[in-house]
Amino acid sequence: MDLGPHAAFILGAYGFTALVILGLVAHALLDRRAQERALARLAQEPRKQESSRGRR
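Computed from a prediction, not measured in an experiment: that's the story for all the values here. (Residues numbered from 1 in each chain as written. Predicted model: local features only at pLDDT ≥ 70, side-chain atom pairs only at ≥ 80, totals over all residues. Heavy atoms only, no water.)

J.: Go over the overall build of the protein chain with me, naming the residues and quoting the values.
T.: Each helix and strand in the protein chain was counted, giving one helix and zero strands. For the protein chain, with 56 residues in total, the buried portion stands at 0%. Accessible surface for the protein chain amounts to roughly 5900 Å². Of this, 61% is attributable to carbon and sulfur atoms. (Helix = DSSP H or I, 4+ residues; strand = E, 2+ residues; numbered from the N terminus. Buried < 20%, exposed > 50% of the residue type's maximum accessible area, 1.4 Å probe, protein only. Areas by Shrake-Rupley, 256 points an atom, 1.4 Å probe, with all protein chains shown as cover.)

So, in structure tokens, the structure goes:
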């Protein structure tokens with residue numbers, strides 16, 4: 001595979017793109033864990049009774 005005189009730019013662009021995609025995947029995984037922890041914390045809280053105000 002001959003990339004010609006622009007090989008450094010092409011490979012650099014591919015490398016940068018791979019880093020960005022890996023960063024997005026890592027962020028999504030970390031955010032999912034945080035959301036699951038928050039949901040578990042909310043599930044453990046006692047439920048507050050809804051106000052009957054405004055309902056007839």
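J.: Quick rundown of the UniProt feature "transmembrane region" (unreviewed entry) in the protein chain? Include the residues and the values.
T.: The residues that UniProt annotates with the feature "transmembrane region" (unreviewed entry) are residues 6-30. Its end C-alpha atoms 36 Å apart, residues 6-30 is made of 96% helix and 0% strand. (UniProt positions renumbered as here; feature names shortened; annotations may be inferred.)

J.: Tell me about the pattern of salt bridges, and name the residues and values.
T.: What the rule picks out here adds up to one salt bridge. For Arg 32, the salt bridge identified is with Glu 36, shortest N-O distance 3.1 Å. Taken together, the residues Arg 32 and Glu 36, both in helix 1 (residues 7-44) and four residues apart, mark about one turn of the helix. Since its relative accessible area comes to 54%, Arg 32 is described here as exposed. Exposure remark for Glu 36: the relative accessible area of 43% places this residue in the partly exposed category. (Salt bridge = Lys/Arg side-chain N within 4 Å of Asp/Glu carboxyl O.)

J.: Lay out a nonpolar patch on the surface in plain terms, naming residues and giving numbers.
T.: Taken together, the side chains of Phe 16, Val 20 and Leu 24 define a hydrophobic patch exposed on the protein surface, amounting to about 320 Å² of accessible area. Mapped onto the fold, Leu 24 is located in helix 1. (Patch = residues over 30% accessible without salt bridge, like charges linked within 9 Å, V, L, I, M, F, W, Y side chains within 5 Å.)

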